[in-house]
Amino acid sequence: MNPDRTSPDAWVDMLSAVFMIVGAIMSLGAAIGLLRFPDLLSRMHAATKPQVLGLFLLLASIGLQMRTWWVWPVLLVAWIFQLLTVPVSAHMVGRAGYRTKHLHRELLTSDELEAVVQKAAARAAREDGSDGGRGD
Amino acid sequence: MSRRRISLRQELPLLVWLVIVWGALWQDFSPGNLLFGALLAVAVARLFYLPPVELSGRFNILYAIPFALVFLGKVAAASAQLLYLAVARGPKVTNAVVAVPLRSRQDLMVTATGHVISLIPGSLVVEVDRSTSTLYLHALNISSPQRVESLKQEVRSIEAGLIRIMGTKEELETLRMEATA
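Reading the values: rules and limits
- Residues numbered from 1 in each chain as written.
- Chains lettered and ligands numbered in written order.
- Predicted model: local features only at pLDDT ≥ 70, side-chain atom pairs only at ≥ 80, totals over all residues.
- Domains from an automatic or database assignment.
- Helix = DSSP H or I, 4+ residues; strand = E, 2+ residues; numbered from the N terminus.
- Buried ≥ 20, exposed ≤ 12 C-beta atoms within 10 Å, placed from the backbone.
- Axes fitted to C-alpha atoms, helices over the stretch in contact; angles between N-to-C directions.
- Parallel < 35°, antiparallel > 145°, perpendicular 65-115°, else oblique.
- Contact = placed C-beta atoms within 7 Å.
- Nonpolar A, V, L, I, M, F, W, Y, C, P; charged D, E, K, R; others polar.

Visitor: Is there a simple way to think about the domain arrangement of chain B in this case?
Guide: How big an interface is tends to be expressed through the accessible area that disappears when the partners come together. What the domain assignment lists for chain B is domain 1 (8–47) and domain 2 (61–180). The gap between the C-alpha centroids of domain 1 of chain B and domain 2 of chain B is 32 Å.

Visitor: Just to check I follow, could you spell out unusual backbone geometry for this structure?
Guide: For residues besides glycine, phi is generally negative; the peptide bonds are generally trans as well. Residue and element names in this part refer to chain B. With a phi angle near 55 degrees, Q27 is a residue other than glycine that sits in the positive phi range. Looking at the element boundaries, Q27 is found in the loop between α1 (8–26) and α2 (31–47). Owing to 13 C-beta atoms within 10 Å, Q27 belongs among the partly exposed residues under this scheme. Notably, S133 is not glycine yet its phi reads approximately 40 degrees, a positive angle. Within the secondary structure, S133 is located in the loop between β2 (123–129) and β3 (134–139).

Visitor: Any chance you could explain the packing of helix α2 (residues 40–48) of chain A against helix α4 (residues 71–99) of chain A here in plain terms?
Guide: Helix-helix packing is characterised by the crossing angle of the two axes and by the distance between the axes. Residue and element names in this part refer to chain A. Running from amino to carboxyl end, α2 crosses α4 at an angle of 170 degrees, the nearest separation of the two axes being 10 Å. On the basis of the axis angle, α2 is roughly antiparallel to α4. Residues L40, L41, M44 and T48 of α2 form the contact with α4, whose own contacting residues are V86, S89, A90, V93, G94, G97 and Y98. Its residues placed into classes, the contact of α2 with α4 shows 7 nonpolar, 4 polar and no charged.

This is the structure in structure tokens:
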């Protein structure tokens, strides 16, 4: 170990070590949630979200360890692309999961979408054969 | 959507972003490289023309920085909470699907609000109704109607924060009316 505990280097090392451990714990949390949550939609929460923070902490520790500022823009761009893509994939899987009924209704305390879906389905059935089916 | 020309001022944030990505990927922010990147950005924006993103033309950095910090804090807190839920509650967790009507009719604002609320663990967008700009969220660990109400409040306050950062003047006006009412 570095005997000089007061130098800036030691502090940077310590900070990046903490970041790495917490980031790894976040990914572990995602894995535990994937195993333990009951249905697709609640698993989506575990599968997509904790990594946003986990990746942020791991990238930050990479940046701290590299010790050149040229690497920060790349890390930032990588994180921003993660921010842009995670909600889209979560939305696509969640939407498909809801529509194909991969969820446990008994675990929902309220469902304000079901009535809307029922109404749209009833209207689509009424307009059977016409060009309906899309919401207006 | 039609090939309507948008002004350079509205297109500028996109071009700046492309140049930043270019510089970041080369890890080289020298003037020559940035100039070449800018030329490429203009060429890409002209050749591969997408439906224009209708930016409002204003951006308030004074609201943006605190918003980003609060966002990071919320992500951290909610990640820890999700970890706790996964370990402690697991299969017994109760959820809800909640409809949240938004104020804004702008596609960009609805998308941004949906993104922010999806990134904060514990809620994800299941369905979007563009005509009424209503977000349908699936939220984790909702056990009572009060929690549903507080979730709606949170989403609407996130939208208010985004409007203060980059909403149109009309949206700001609605926000002000709401505050005084």
